[in-house]
Amino acid sequence: MQEYEHTTRIADAAQADDALALLRRVFGYDAFRGQQQAIVDHVVAGGDALVLMPTGGGKSLCYQVPALLREGTGLVVSPLIALMQDQVEALRQLGVRAAYLNSTLDAETARQVERDLLDGQLDLLYVAPERLLTARFLSLLERSAIALFAIDEAHCVSQWGHDFRPEYRELAVLHERWPEVPRIALTATADPPTRREIAERLALGDAQCFLSSFDRPNIRYSVAHKDNPRRQLVDFLASHAGESGIVYCLSRRKVEETAEFLAGRGIAALPYHAGLPADVRAENQRRFLREDGIVMCATIAFGMGIDKPDVRFVAHMDLPKSIEGYYQETGRAGRDGEPAEAWMGYGLGDVVLLRQMIEQGEASEERKALERRKLDQLLGYCESAMCRRQALLAAFGETYVPVGAAEAAPGQRCGNCDNCLQPVRTWDATEAARKALSCAYRTGQRFGAAHLIDVLRGADTEKVRQFRHNELSTYGIGTDLDANAWRSVFRQLVVSGLLEVDAEGHGSLRLGAAARPVLRGESAVHLREEPVRKPGRGGAGERRSESTLHVDASDRPLFDALRAWRGQMAREQNVPAYVIFHDRTLRDIAQLRPASISELARVGGIGGGKLGRYGEGVLDVVREQG
Ligand code: ADP
Ligand code: ZN
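Along each chain, numbering runs from 1 in the same order as the chain's sequence is written. By the order in which they are written, chains take letters starting at A while ligands take numbers starting at 1. In view of the model being predicted, local features appear only for residues whose pLDDT reaches at least 70, and side-chain atom pairs are presented and counted only at 80 or more, with totals across whole chains, interfaces and linings using the full set of residues. Water and hydrogen atoms were dropped before computing side-chain values, which therefore reflect all heavy atoms in the structure.

1. With respect to the overall build of the protein
Here is step 1 of the chain: Scanning the protein from N- to C-terminus turns up 28 helices and 17 strands.
Here is step 2 of the chain: In terms of overall size, the protein behaves like a compact globule, its C-alpha atoms giving a radius of gyration of 27 Å where 626 residues would be expected to give roughly 25 Å.
Here is step 3 of the chain: Seen through its C-alpha atoms, the protein measures out along the principal axes to roughly 85 × 60 × 50 Å.
Here is step 4 of the chain: The buried share of the protein, reckoned over its 626 residues, is 54%.
Here is step 5 of the chain: Residue contacts are defined here by distance: any two heavy atoms, one from each residue, within 4.5 Å place the two residues in contact. When contacts within the protein are restricted to residue pairs at least 6 apart in sequence, those whose partners lie at least 24 apart make up 73%.
Here is step 6 of the chain: Reported accessibility uses the Shrake-Rupley method at a 1.4 Å probe radius. Residues are deemed covered only where the shown protein chains occlude them. Summed over all atoms, the accessible surface of the protein reaches about 26,700 Å², with 49% contributed by carbon and sulfur.
Here is step 7 of the chain: Side-chain charges of the protein comprise 78 positive and 86 negative groups, with the mean position of each set lying 4 Å from the other. The numbering of helices and of strands both runs from the N terminus, where a helix is a DSSP run of H or I of at least 4 residues and a strand a run of E of at least 2. For this measure, only C-alpha atoms enter the radius of gyration; the expected value for a globule follows 2.2 Å times N^0.38, where N is the number of residues. Buried means the residue's accessible area, taken with a 1.4 Å probe over protein chains only, is under 20% of the maximum for its type, while exposed means over 50%, and partly exposed covers the values in between. Residues scored as charged are limited to Lys and Arg (positive) and Asp and Glu (negative), so that His and the chain ends carry no count. Just so you know, the charge point we use is NZ for Lys, CZ for Arg, CG for Asp and CD for Glu.

2. Observations regarding helix α16 (residues 365–383)
Here is step 1 of the chain: Along its 19 residues, α16 runs 27 Å from first to last C-alpha, staying within 8% of the 27 Å computed at 1.5 Å per residue.
Here is step 2 of the chain: Those residues of α16 that fall on the buried side of the exposure criterion are Arg367, Lys368, Leu370, Lys374, Leu375, Leu378, Leu379, Tyr381, Cys382 and Glu383. Multiplying one less than the number of residues by 1.5 Å gives the expected span of a helix.

3. A closer look at the pattern of salt bridges
Close approach of charged atoms allows side chains of opposite charge to pair.
Here is step 1 of the chain: Note on definitions: salt bridges are taken to be side-chain nitrogens of Lys or Arg within 4 Å of carboxyl oxygens of Asp or Glu. A complete count under the given rule lists 42 salt bridges for this structure.
Here is step 2 of the chain: Between arginine 183 and aspartate 48 there is a salt bridge, with the nearest N and O atoms lying 3.4 Å from each other. With arginine 183 in strand β6 (residues 183–187) and aspartate 48 in the loop between α2 (36–44) and β1 (49–52), the pair connects residues that are 135 residues apart, well separated along the chain. Note on accessibility: arginine 183 and aspartate 48 belong to one class, buried.
Here is step 3 of the chain: We note a salt bridge from aspartate 376 to arginine 355, for which the minimum N-O separation is 2.4 Å. Placement of the pair is aspartate 376 in helix α16 and arginine 355 in helix α15 (residues 348–360), with a sequence separation of 21 residues.
Here is step 4 of the chain: Overlapping salt bridges, with partners in common, bring together Lys226, Lys254, Asp318 and Asp350 in one network.

4. Some thoughts on the site of ligand 1
Here is step 1 of the chain: Around ligand 1 there are 15 residues in total, and Tyr29, Gly56, Ser60, Arg335 and His582 lie nearest to it.
Here is step 2 of the chain: The separation between an oxygen atom of ligand 1 and a polar side-chain atom of arginine 33 is 3.2 Å.
Here is step 3 of the chain: Counting of polar contacts relies on pairs of N or O atoms within 3.5 Å, with two restrictions inside protein: one atom must be capable of donating a hydrogen and the other of accepting it, and residues adjacent in sequence are counted only when both atoms are side-chain atoms. Interatomic distance of 2.5 Å between a side-chain N/O atom of arginine 335 and an oxygen atom of ligand 1.
Here is step 4 of the chain: Surface burial for ligand 1 is 85%, taken as the share of its 570 Å² of free accessible area covered by protein chains.
Here is step 5 of the chain: Ranked by residue count, the leading element in the shell around ligand 1 is helix α3 (residues 59–69), at three residues.
Here is step 6 of the chain: We call Asp, Glu, Lys and Arg charged. Ala, Val, Leu, Ile, Met, Phe, Trp, Tyr, Cys and Pro are nonpolar, and the rest, Gly among them, are polar. Across the shell around ligand 1, the residue classes break down as five nonpolar, seven polar and three charged. One heavy atom suffices: a residue is near a molecule or strand as soon as one of its heavy atoms comes within 4 Å of it.

5. A few points about the sheet that holds strand β7 (residues 208–211)
Picture the strands of a sheet paired through backbone hydrogen bonds; they go either parallel or antiparallel.
Here is step 1 of the chain: Pairing between two strands is assigned when DSSP locates at least 2 bridges connecting them. Read across the sheet, seven strands follow the order β3-β4-β2-β5-β6-β1-β7 without closing on themselves; strand pairing throughout is parallel. Of all the strands in the sheet, just β3 (98–101) and β7 have a single pairing partner and so form its edges. Across the sheet, the axes of successive neighbouring strands diverge by a mean angle of 20°, strand direction being ignored.
Here is step 2 of the chain: Both strand β2 (residues 73–77) and strand β5 (residues 146–151) contribute to a ladder of five bridges, which runs parallel. Bridging across to β5, valine 76 finds its partner in alanine 150.
Here is step 3 of the chain: Across the face of the sheet, helix α10 (residues 192–201) comes into contact with β1, β6 and β7 while running at roughly 160° to β1. Helix axes use the C-alpha atoms of the stretch in contact, all axes being lines fitted to C-alpha atoms, and the angles between their N-to-C directions lie in the range 0 to 180 degrees.

6. A few points about the sheet that holds strand β10 (residues 269–272)
Here is step 1 of the chain: Taken in spatial order, the six strands make up an open sheet running β8-β13-β12-β9-β11-β10, and their pairing is parallel. Edge positions in the open sheet fall to β8 (219–225) and β10, since each of these has one partner strand only. Across the sheet, the mean angle from the axis of one strand to that of its neighbour is 15°, orientation sign disregarded.
Here is step 2 of the chain: The sheet contact formed by strand β12 (residues 311–316) and strand β13 (residues 340–346) spans four bridges and is parallel. Each bridged residue has a counterpart across the sheet, and for valine 314 the counterpart in β13 is alanine 342.

7. Some words on the coordination of the zinc ion (ligand 2)
Here is step 1 of the chain: Atoms are scored as donors when they are N, O or S and lie within 2.8 Å of the metal, with 3.2 Å used for Na, K and Ca; no water is included, so coordination may look incomplete. Distances from the zinc ion (ligand 2) to its protein donors, Cys387 (SG), Cys414 (SG), Cys417 (SG) and Cys420 (SG), fall within 2.4 Å.
Here is step 2 of the chain: Square planar and octahedral sites, with four and six donors, are those where opposite donors lie more than 155 degrees apart and all other angles lie between 65 and 115, tetrahedral sites have four donors with every angle between 85 and 135 degrees, and the rest are irregular. With four donor atoms in place around the zinc ion (ligand 2) and angles of 101 to 119° between them, the coordination shape is tetrahedral.

8. Details of the state of the cysteines
A disulfide bridge is the covalent bond that connects two cysteines by way of their sulfur atoms.
Here is step 1 of the chain: For this text, the term disulfide refers to a pair of cysteine sulfurs within 2.5 Å. Applying the stated criterion to the full structure yields zero disulfides.
Here is step 2 of the chain: There is no disulfide at cysteine 297, and the cysteine sulfur nearest it, in cysteine 249, is 5.9 Å away.

9. So, helix α11 (residues 229–238)
Here is step 1 of the chain: Considered for burial, the residues of α11 that qualify are Gln232, Leu233, Val234, Asp235, Phe236 and Leu237.
Here is step 2 of the chain: Tucked into the core, α11 has its buried residues touching β8, β9 (244–248), α12 (252–264), β12 and β13.

10. Let's talk about the side chain of serine 488
Here is step 1 of the chain: If you trace the backbone, serine 488 turns up in helix α22 (residues 483–495).
Here is step 2 of the chain: Here serine 488 is in contact with Arg528 and Glu530, once residues within four sequence places are set aside.

11. Let's talk about the packing of α16 against helix α17 (residues 388–395)
Here is step 1 of the chain: One can describe the packing of α16 onto α17 by two numbers: an axis separation of 10 Å at closest approach and a directional angle of 165°. With respect to each other, α16 and α17 are oriented roughly antiparallel. In this structure, α16 meets α17 at a crossing whose hand is right-handed. Two secondary-structure elements touch here, α16 through Gln377, Tyr381 and Cys382 and α17 through Arg388, Ala391, Leu392 and Ala395.
Here is step 2 of the chain: Of the residues that constitute the contact of α16 with α17, the class distribution is five nonpolar, one polar and one charged. Angle categories are assigned with fixed cut-offs, so that under 35 degrees is roughly parallel, over 145 is roughly antiparallel, 65 to 115 is roughly perpendicular, and the rest are oblique. For any helix crossing, the convention is left-handed if the near helix is rotated counterclockwise from the far helix by under a right angle, and right-handed if that rotation is clockwise.

12. Notes on the side chain of aspartate 123
Here is step 1 of the chain: As for its placement among the helices and strands, aspartate 123 is situated in the loop between α5 (107–118) and β4 (124–127).
Here is step 2 of the chain: When its relative accessible area of 13% is taken as the criterion, aspartate 123 is described as buried.
Here is step 3 of the chain: Here aspartate 123 is in contact with Ala67, Leu68, Gly72, Thr73, Gly74, Val96 and Arg97, once residues within four sequence places are set aside.

Shown next as structure tokens:
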């Protein structure tokens with residue numbers, strides 16, 4: 001053990017410079033971020049690693065740099081064949097010898113890639129797991145020099161997640177056949193049970209675990225109750241005009257309706273769900289990746305491995321299934337580190353629907369219990385008055401520490417979520433809660449919130465008359481609150497367990513165990529006051545510039561010209577625009593207005609490869625704009 005540490009430390013010293021020099025030369029970045037350097041050093045020295053880093057944290061460099069520093073080809077296992085091409089293209093733009101092997105290649109091209117692998121002509125090779133595991137490919141690997149195995153989206157090995165891939169289980173064979181080749185497994189999945197399952201299933205028990213903070217400081221979180229979802233969505237999108245984003249919906253039908261609705265309002269919206277023909281799906285995804293400003297309306301079938309860096313917002317029109325799901329989905333925003341926004345609307349209807357889906361699903365009782373707990377945790381998050389970031393990180397066992405602060409102080413708030421920007425007030429809702437509970441009780445615990453609200457507010461509906469609920473003592477005792485306020489009360493009573501949704505999922509409400517003391521006047525109920533908020537803005541006033549990439553007005557014309565130039569380059573080569581340069585890089589160029597190649601080289605994100613390829617073109621655009 002002692003000796004091992006000694007040798008790696010010496011190796012570290014020698015490689016630190018190399019890795020950094022390579023980062024600058026090839027990738028054009030000044031410095032490693034967070035734990036990247038430590039991970040790179042560990043893998044270069046031959047160690048196995050389990051890397052847990054949030055989306056946008058910079059996982060790719062953790063295996064790309066070691067693959068370039070070590071002898072042989074780095075093998076990258078990825079479940080997402082649709083995205084390999086873009087990843088490989090991005091590397092080629094940097095001058096890296098990269099290729100991929102999957103079922104989309106014709107036989108001739110595939111053979112060429114295999115020859116390049118055997119001849120040591122590849123720095124990185126991306127391969128789908130089912131291809132990697134074929135006897136033929138494994139024997140090919142026996143005859144090749146392998147720098148490392150990178151297992152991307154490693155949570156696919158876990159059965160608890162939504163992305164389970166049986167082939168991932170068989171990847172343990174890599175360790176058995178090539179014990180001396182370092183393996184690095186990476187995931188953005190944060191929950192501890194999944195982490196443990198990865199280590200176990202991939203035989204990574206001896207690997208060093210690199211756990212990063214899961215905080216995404218550039219993402220602003222907000223949650224709104226849905227009163228008029230479409231109008232709320234349109235308001236939200238108005239603060240993100242011309243930007244790329246994802247709008248998640250629960251059902252395929254809603255995906256299509258939402259996309260149509262938005263398209264009808266002149267917004268470049270496209271649908272994506274598993275029920276669309278494969279070619280439509282592929283085309284919509286391609287457009288989302290390659291064009292600027294597409295709004296993708298999608299089910300959660302869309303998104304895993306979408307590494308488009310400039311997704312500026314993720315909106316949830318329906319509740320996700322769990323906090324982990326929510327975090328993963330929102331994590332697709334703002335990978336480039338620039339301001340981004342995660343907005344979620346929810347209502348009692350979501351709760352009823354999700355409960356119903358759980359209860360009526362085919363899953364085992366054990367699994368259902370787990371899903372119920374996950375849903376409750378998410379609902380608690382929605383109704384929480386505390387800092388959203390604190391609450392999210394706490395769900396992953398992490399204490400929030402503000403960027404730059406040495407350590408956590410209790411109750412530290414982030415200042416970049418709805419609850420921080422506009423603190424929530426609570427009110428003494430004991431009286432309202434008693435009215436609501438007794439109304440549910442007196443109507444026989446078999447009606448949903450809508451009808452109960454009608455009874456409380458003394459509405460004259462057919463249903464009220466049919467059941468003679470106008471004769472009840474609770475009829476008309478709730479006129480002091482409007483229907484919206486009552487909806488908020490009912491939702492919060494459900495979330496806190498005072499009311500329970502029936503297992504059959506009709507939405508009828510019955511008293512929970514904790515309801516008795518409240519009804520008897522023995523315990524008080526405090527609920528959060530529903531703030532009047534506009535989506536897309538943290539609170540009062542226009543905040544657009546804070547949630548989008550900030551470009552000074554004086555730099556705008558040049559920035560737009562650079563974007564147009566980039567669009568042309570991307571079309572000519574049939575690659576996504578961000579593969580050429582990120583928005584942030586263009587903004588920095590517009591600010592700096594470089595007059596020479598050496599000045600241009602100072603801009604972050606421009607390595608030697610891109611300087612040679614695009615340097616003159618950029619300088620031309622800068623000159624033309626004067
Ligand atoms: P992940 O796979 O963890 O979601 P990526 O590897 O796609 O993240 O990186 C996210 C973004 O951050 C990319 O746009 C990448 O170019 C950028 N990035 C990663 N590491 C650095 C770094 N050290 N300096 C500057 N930018 C970086
Ligand atoms: Zn906050």
